[in-house]
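Geometric and topological summary
Chain by chain, the residues:
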Amino acid sequence: MPDRNQASEKTTVALCRIEALREKRTLGFEIPFGETTREIFLVADGDHVRGYLDRCPHRGTPLAWTPDRYLDSRGEHLICATHGALFRIGDGHCIAGPCRGDALTPVEVRVEEGEVFVVTSPT
Ligand code: FES
């Protein structure tokens, strides 16, 4: 259940346990985002957790080539299933493909007591 922070109008949503993310490395979610929902995904990046909108900057399509699978075959980069653009895990910057130089849109994530949360804003 979302936890709404009245002062900042931000909403915190619990997504998963950190162990579940580390096991699969990437997981996709549909979350409430203001009056609508958005598709996002998480990626385990060493001791960090990164979160991005599941929308390629090239054509706006979802990245995953099958549910919860966002990494290339080497597990080194995020990959878009539509035209194969490659993105750095740490900052979402596109290093190869038709949207080279562009970037994924980050979402704010937090880890507290082993639980991964996303922080959303209606704006
Ligand atoms: S839609 Fe992602 S590379 Fe074209």
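1. Structural notes on the overall build of the protein
Scanning the protein from N- to C-terminus turns up one helix and ten strands. For the protein, the α and β elements follow one another from N to C terminus as β-β-α-β-β-β-β-β-β-β-β. Its C-alpha radius of gyration of 14 Å places the protein within 12% of the 14 Å reference for a compact globule of 123 residues. Overall size of the protein, expressed as C-alpha extent along the three principal axes, is 40 × 30 × 20 Å. Here the protein holds 123 residues, and the buried ones make up 24% of them. Partitioning the intrachain contacts of the protein with sequence separation of at least 6 by distance along the chain shows that 45% fall at a separation of at least 24.

2. Some thoughts on the nonpolar core
Among the nonpolar cores identified, the biggest contains 25 residues, and L21, F41, L42, V43, L63, Y70 and L78 are the most heavily contacted of them. Per-element tally for this core: the top contributor is strand β4 (residues 36–45), with five residues. Not counting chain neighbours up to four residues away, the residues in contact with V43 comprise R25, T26, R50, Y70, L78 and I89.

3. Focus on the sheet that holds strand β8 (residues 94–96)
With respect to topology, three strands assemble into an open sheet ordered β6-β7-β8, the strand pairing being antiparallel. Looking at which strands have only one partner, the edges of the open sheet turn out to be β6 (77–79) and β8. The average undirected angle you get between the axes of adjacent strands in this sheet is 40 degrees. Relative to strand β7 (residues 86–88), β6 runs antiparallel, the two sharing three bridges. Its bridge partner being in β7, L78 is matched across the sheet by F87.

4. Quick look at unusual backbone geometry
The phi torsion at D68 lies on the positive side, around 70 degrees, for a residue other than glycine. Structurally, D68 can be placed in the loop between β5 (48–53) and β6. We classify D68 as partly exposed; it has 14 C-beta atoms within 10 Å. Residues other than glycine seldom take positive phi values, yet E113 does so here, at roughly 50 degrees. Here E113 is to be found in the loop between β9 (108–112) and β10 (115–120). Using a count of 6 C-beta atoms within 10 Å as the deciding quantity, one classes E113 as exposed.

5. A few points about the sheet that holds strand β3 (residues 26–33)
Spatial ordering of the open sheet is given by β3-β4-β5, a layout of three strands whose pairing is antiparallel. Each edge of the open sheet is held by one strand with a lone partner, namely β3 and β5. Here the strands of the sheet are splayed against their neighbours by 30 degrees on average, with no regard to which way each runs.

6. Thoughts on the pairing of β3
For β3 and β4, the ladder comprises eight bridges, and the chain directions are antiparallel. Within β4, the position partnered with E30 by the bridge is E39. Connecting the antiparallel pair β3 and β4 is a turn made up of two residues, with G34 showing a positive phi of about 65 degrees.

7. A look at the pairing of β5
Two elements, β4 and β5, share six bridges in a ladder whose sense is antiparallel. Bridge assignment links V43 to a residue of β5, and that residue is R50. Where β4 folds back onto β5 in an antiparallel hairpin, the turn is made up of two residues, including G46, whose phi is positive at roughly 60 degrees.

What counts and how
- Along every chain, residues carry numbers that run from 1 in the direction the sequence is written.
- Restriction of local features to residues with pLDDT of at least 70 applies here, the model being predicted, together with a cutoff of 80 or more for giving and counting side-chain atom pairs; totals for whole chains, interfaces and linings are based on all residues.
- Strands here are runs of E lasting at least two residues and helices are runs of H or I lasting at least four, both read from the DSSP assignment and numbered beginning at the N terminus.
- In this setup the radius of gyration rests on C-alpha atoms only. A globule is expected at 2.2 Å times the number of residues raised to 0.38.
- Any residue surrounded by 20 or more other C-beta atoms within 10 Å of its C-beta is treated as buried, while 12 or fewer makes it exposed and the intermediate range makes it partly exposed; C-beta atoms here are placed from the backbone.
- Each residue gets a C-beta atom placed from its backbone, and two residues are in contact if those atoms lie within 7 Å.
- Note on definitions: a nonpolar core is a set of buried residues drawn from Ala, Val, Leu, Ile, Met, Phe, Trp, Tyr and Cys, linked by C-beta atoms within 7 Å.
- A pair of strands is labelled paired if DSSP reports no fewer than 2 bridges between them.
- Simply put, an axis is a line fit to the C-alpha atoms, just over the touching stretch for a helix, and the angle between two N-to-C directions goes from 0 to 180 degrees.

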